[in-house]
Amino acid sequence: MTPNSYGYGHAIGDSGDWAAWLLLVTLAVTPIRLAFRKRNWAVWLMRRRRDLGVASFAYAAFHTGIYLGKKVDPAIILSEAGEPYMLAGWAALALYVPLAATSNDIATRALKRSWKTLHRLVYPAAILVFVHWVLSAFDATTAWIHVGILVAIEGIRIVLQMRQRVT
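As the structure is a computational prediction, the values presented were derived from the model and not from experiment.

1. Side note on the side chain of E80
Point 1. The topology assignment puts E80 in helix α4 (residues 74–81).
Point 2. In terms of polar contacts, E80 uses its side chain to reach the side chain of K71, at 3.2 Å.
Point 3. In this structure E80 touches Y67, K71 and M86, once residues within four positions along its chain are discounted.

Here is the structure:
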C-alpha cells in the first residue's frame, strides 16, 4: 500500500469498525464476568470495561470527525442528516456522549445509582451503531455478521442474568 492509497474510504471504514469492535468487547465483559466470576482474567477485564467503552467512543468521535472533515460544508451535512443511516449514526453518537462524559470516578460517585441507569443507554446505542453500519455498508454482510455477534452477546448476558436471579 502506498502512502496515498489510504484515503477517506479506508479511514471512515476503519474508524467505524474499531468503534464497533470495541463496543462489542465492552458489551461482552458482563457475560464474561457472569460466566467466569472470579477468574483473574475476567476480573482484569471487568476493571477495564470503562476504558474499553471510552476507547469505543473515541473511535466513534474520530469516525465522525473524519466524516465532518470530508464534507466540510454544513449544507451537505444537513442534507445527508435525514438519511436513515445518518440518523442512526447521529443518534448513536448522541447516546455515546453522556456515557463517555460520565465514565470517570467523579461522575460515578456523583450520580450514585443513577450512573448505572444512565449507562444502560449503551444498549440502544449499540443497536443504533449496528443499524448505521448495516445501512451504510457497500456490502452489509460483514455488518450483519457483527449484528449476529451482538445478538449472541446480549442473549448470553440475558440468560446468565436470569440464571443468577434464580439461584
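Now that the structure is up, let's keep going.
2. Concerning the nonpolar core
Point 1. Formed by 21 residues in total, the largest nonpolar core has its most connected members in L23, L27, V129, F130 and L150.
Point 2. Taken together, the elements giving at least two residues each to this core come down to α1 (8–36), α5 (84–101), α8 (122–136) and α9 (141–166).
Point 3. Ranked by size, the runner-up nonpolar core spans six residues in total, among them I12, Y67, I77 and M86.

3. Some thoughts on the pattern of salt bridges
Point 1. Inspection of the entire model under this criterion finds three salt bridges.
Point 2. Linking R50 and D105 is a salt bridge whose minimum nitrogen-to-oxygen distance equals 3.0 Å. Remark: D105 occurs in helix α6 (residues 105–111) and R50 occurs in helix α3 (residues 49–71); sequence separation between them is 55 residues.
Point 3. For D105, a relative accessible area of 44% corresponds to the partly exposed category.
Point 4. A salt bridge links R157 to E154, with the nearest nitrogen and oxygen atoms 2.6 Å apart. Of this pair, R157 and E154 both sit in helix α9, three residues apart, which is roughly one turn of that helix.

The rules behind these values
Residues numbered from 1 in each chain as written. Predicted model: local features only at pLDDT ≥ 70, side-chain atom pairs only at ≥ 80, totals over all residues. Heavy atoms only, no water. Helix = DSSP H or I, 4+ residues; strand = E, 2+ residues; numbered from the N terminus. Polar contact = N/O pair within 3.5 Å; in protein donor to acceptor, adjacent residues only side chain to side chain. Contact = heavy atoms within 4.5 Å. Core = buried A, V, L, I, M, F, W, Y, C linked by side-chain atoms within 4.5 Å. Buried < 20%, exposed > 50% of the residue type's maximum accessible area, 1.4 Å probe, protein only. Salt bridge = Lys/Arg side-chain N within 4 Å of Asp/Glu carboxyl O.

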